[in-house]
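If you want the building blocks of each chain, they are given just below.
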Amino acid sequence: MVTFFMKIFLLSLFLLSLLLYSQNFLLSFLSSSYFEPNILEFILIFFTIVFLQTFKYRILFLMLWQTLYTVQLLFISYFGSSVQSYDIYLFLTHFTETFESFIPLLLHFSTILLLSFALILCILFLSKELKYSKLLLLLPILSLLYFNDRPYNDLSIKLLHSLSQLDFSKNPNISKSKKTKPIVHTPKNLNIVVVLAESMRSKNLSLFGYDKNTTPLLNSIEPMLFKSSIYSGATNTDVSVPLFLNGAIDTHTIDLSNNLFTLASSNTFQTHFI
């Protein structure tokens, strides 16, 4: 009888592992990436779940684990790539601005959030206490497996690796390319004015359908000159502005050779910054 119940117990944990791991396959729908399943990776996750059943707060651990998947899927659905250590750094140092940007996108994320909620209910139903103190010996082995240099495909393990690489002392990798930019001959008497309306959102401009008349002068200009589907490089000023002025999409790879003023100066413009 004990053996029978143990089989049922392990089967429920296997099912729970399968449900968690299957979230990786959503990559194909959320981005151009493709998830390649790995049987050893799945076995690692399964034994981790079995191991967690020995803890009093096993439900909390499993819910935190599900949160790792949820965070990754939310990030991928919006940015098309998984979370990197610097993304975590920006989140922790710009907490308020990140949430201000997240709240208007709740409808966009509703499917993923509902899926995550359903899986949390599965965790509550399938997780059972397992009293085998010898399983604690698995902890050092599991730690070595999670934090080695082997590339894992599973989204939760990837996020754990990103957390382990988090370093608040690092600065963005600002470089200057040795490649010479081509000189473009510009017509004489040409003035270019770039107005950076930082913190402005198209949804609050009457030019793009906002119910209050917030852009009375712009409304009279030819509408075809304006584009509403323009996205900032980051949710916070101190990151988005440098990205814009340096033609970059990643704070790790800012190349000063692409700097707007450098390019202008190399093409015989006089530059001024106000």
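Residues numbered from 1 in each chain as written. Predicted model: local features only at pLDDT ≥ 70, side-chain atom pairs only at ≥ 80, totals over all residues. Heavy atoms only, no water.

Turning to a nonpolar patch on the surface, a few remarks are in order. A cluster of nonpolar side chains, namely Leu 190, Ile 192, Val 194, Leu 196, Phe 244 and Leu 260, defines an oily patch on the protein surface of about 530 Å² accessible area. The exposure class of Phe 244 is partly exposed, given its relative accessible area of 45%. (Patch = residues over 30% accessible without salt bridge, like charges linked within 9 Å, V, L, I, M, F, W, Y side chains within 5 Å. Areas by Shrake-Rupley, 256 points an atom, 1.4 Å probe, with all protein chains shown as cover. Salt bridge = Lys/Arg side-chain N within 4 Å of Asp/Glu carboxyl O. Buried < 20%, exposed > 50% of the residue type's maximum accessible area, 1.4 Å probe, protein only.)

Right, let's talk about the nonpolar core for a bit. Leu 16, Ile 45, Ile 49, Leu 62, Trp 65 and Tyr 69 are the most contacted members of the largest nonpolar core, which totals 34 residues. Leaving out residues up to four positions away in the same chain, Leu 62 has contacts with Leu 16, Ile 49, Leu 52, Gln 53, Ile 123 and Ser 127. Within the second largest apolar cluster, eight residues are counted, among which are Tyr 86, Tyr 89, Ala 234 and Ile 254. (Core = buried A, V, L, I, M, F, W, Y, C linked by side-chain atoms within 4.5 Å. Contact = heavy atoms within 4.5 Å.)

Taken as a whole and judged by the stated rule, the model has 12 aromatic pairs. Plain terms: the ring middles of Phe 261 and Phe 273 are 5.7 Å apart, the flat faces sit at 75° to each other, and that makes the pair edge-to-face. Linking Phe 261 in helix α11 (residues 260–266) with Phe 273 in the segment after α11, this pair joins segments that are 12 residues apart in sequence. Take Phe 261: its relative accessible area is 24%, and that puts it in the partly exposed class. (Phe/Tyr/Trp six-rings, centres within 6.5 Å; stacked < 30°, edge-to-face > 60°. Helix = DSSP H or I, 4+ residues; strand = E, 2+ residues; numbered from the N terminus.)

Turning our attention to the environment of Leu 126. Considering the arrangement of structural elements, one finds Leu 126 in helix α7 (residues 110–126). Separated by 117 residues in sequence, Leu 126 and Phe 9 place their C-alpha atoms 8.4 Å apart. In this structure Leu 126 touches Ser 12, Leu 13, Leu 15, Leu 16 and Leu 19, once residues within four positions along its chain are discounted.

Between its first and last C-alpha atoms helix α3 (residues 39–52) spans 20 Å; for 14 residues at 1.5 Å apiece the expected length is 20 Å, and the two agree. Of all 14 residues in α3, 10 are buried, a share of seventy percent or more. Within α3, the full set of buried residues consists of Glu 41, Phe 42, Leu 44, Ile 45, Phe 46, Thr 48, Ile 49, Val 50, Phe 51 and Leu 52. Where α3 begins, the capping side chain belongs to Asn 38, and its oxygen is found 2.9 Å from the backbone nitrogen of Leu 40. (Expected span 1.5 Å × (residues − 1). Polar contact = N/O pair within 3.5 Å; in protein donor to acceptor, adjacent residues only side chain to side chain.)

Once that is clear, we can look at the side chain of Thr 215. Within the element layout of this structure, Thr 215 appears in the loop between α9 (155–164) and α10 (237–245). In terms of polar contacts, Thr 215 uses its side chain to reach the side chain of Ser 206, at 2.8 Å.

The subject of this paragraph is the packing of helix α4 (residues 58–79) against α7. Between α4 and α7, the shortest axis-to-axis distance is 10 Å and the interhelical angle comes to 165°. In this view, α4 runs roughly antiparallel relative to α7, as classed from their interaxial angle. Seen from above, α4 lies across α7 with right-handed handedness. Where α4 approaches α7, its residues Ile 59, Leu 62, Met 63, Gln 66, Thr 70, Leu 73, Leu 74 and Ser 77 are matched on the opposing element by Ile 112, Leu 113, Ser 116, Leu 119, Ile 120, Ile 123 and Leu 124. Tallied by class, residues from the contact of α4 with α7 come to 11 nonpolar, four polar and no charged. (Axes fitted to C-alpha atoms, helices over the stretch in contact; angles between N-to-C directions. Parallel < 35°, antiparallel > 145°, perpendicular 65-115°, else oblique. Left-handed = near helix turned anticlockwise from the far one by under 90°. Nonpolar A, V, L, I, M, F, W, Y, C, P; charged D, E, K, R; others polar.)

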